[in-house]
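# Descriptive analysis of the structure
Below, each chain spelled out in residue letters.
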Amino acid sequence: MLPIVLVIEDDDAIQGIVEDALSEGGFEAVAKSGEEAVTLLKGRLVAYRALVTDINLLGRFNGWEVARAARDIDPNFPVVYMSGVAAHEWPAQGVPNSIMLQKPFAPAQLTTAVSHLLNGLLTVGSSKT
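Note that the coordinates shown come from a computational prediction; the quantities given were computed from them, not determined experimentally. (Residues numbered from 1 in each chain as written. Predicted model: local features only at pLDDT ≥ 70, side-chain atom pairs only at ≥ 80, totals over all residues. Heavy atoms only, no water.)

### Section: unusual backbone geometry
- Put simply, Lys103 and Pro104 share a cis peptide bond, and its omega is -5 degrees.
- By the element assignment, Pro104 lies in the loop between strand E5 (99-102) and helix H5 (107-118).
- Although it is not a glycine, Arg44 adopts a positive phi angle of roughly 55 degrees.
- At Asn97, a residue that is not glycine, the phi angle is positive and equals roughly 55 degrees.
- Note on placement: Asn97 falls in the loop between helix H4 (90-93) and E5.
- Owing to a relative accessible area of 38%, Asn97 belongs among the partly exposed residues under this scheme. (Helix = DSSP H or I, 4+ residues; strand = E, 2+ residues; numbered from the N terminus. Buried < 20%, exposed > 50% of the residue type's maximum accessible area, 1.4 Å probe, protein only.)

### What to know about the sheet that holds strand E2 (residues 28-31)
- If you walk across this open sheet you meet the 5 strands as E2-E1-E3-E4-E5, and the pairing is parallel. Single-partner strands in this sheet number two, and they are E2 and E5. Averaged over all pairs of adjacent strands, the angle between strand axes in this sheet comes to 25 degrees, irrespective of strand direction.
- In terms of strand pairing, strand E4 (residues 79-83) meets E5 through 4 bridges, oriented parallel. Bridging from a neighbouring strand, Val80 pairs with Ile99 of E5.
- Packed on one face of the sheet, helix H1 (residues 12-24) meets strand E1 (4-8), E2, strand E3 (48-54) and E4 and runs near 155 degrees to E2. (Pairing = 2+ DSSP bridges. Axes fitted to C-alpha atoms, helices over the stretch in contact; angles between N-to-C directions. Contact = heavy atoms within 4.5 Å.)

### Describing the side chain of Gln15
- By the secondary structure assignment, Gln15 is in helix H1.
- According to the relative accessible area criterion, Gln15 is buried, its value standing at 19%.
- Residue contacts for Gln15: discarding those within four places in its chain leaves Glu9 and Ala31.

### Here we look at the environment of Glu28
- Structurally, Glu28 can be placed in strand E2.
- Accessibility expressed as a relative area gives 36% for Glu28, which makes it partly exposed.
- Remark: the alpha-carbon pair of Glu28 and Leu45, spanning 17 residues in sequence, is separated by 16 Å.
- Aside from chain neighbours lying at most four places away, what touches Glu28 is Leu2, Pro3, Ile4 and Val5.

### Some details on the pairing of E3
- Judged by how many residues are buried, E3 sits mostly within the fold: 6 of 7 residues are covered.
- Note: E1 against E3, 5 bridges, orientation parallel. In the sheet register, Val5 faces E3, and the bridge partner there is Ala50.
- Bridging between E3 and E4 involves 4 bridges; their strand directions are parallel. Within the sheet, the bridge partner assigned to Val52 lies in E4 and is Val80.
- Since E3 and E4 lie parallel, the crossover through helix H3 (residues 63-73) that links them has a hand, and here it is right-handed. (Right-handed = clockwise from strand over helix to strand, strands pointing away.)

In structure tokens, the structure reads:
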């Protein structure tokens, strides 16, 4: 069974690219809104292995809040943030041991980031401690 990654991105074009990249990297991608993601994570019906989230989301939760909710459930839950405009807020807002990808990024960067977090490998300059 492929590791399931929860993807939160409200731009359909970017969501498609993210889902394709993760699928090609050996992951199953499930896309949801911020609100749905928090509900699913709290429900624990599916064993999600990582969270990939945009920062600026439509709806009640932003990416920072979704990641904090995931970390409330599992303090080591792998989180990859994506942003075109909010990346500078990552040092103050992001959860520890997460990765920020500045949009635009290459699809391979995303699969590498998720793989590194799942394998406990963080590279200098890409993690927040």
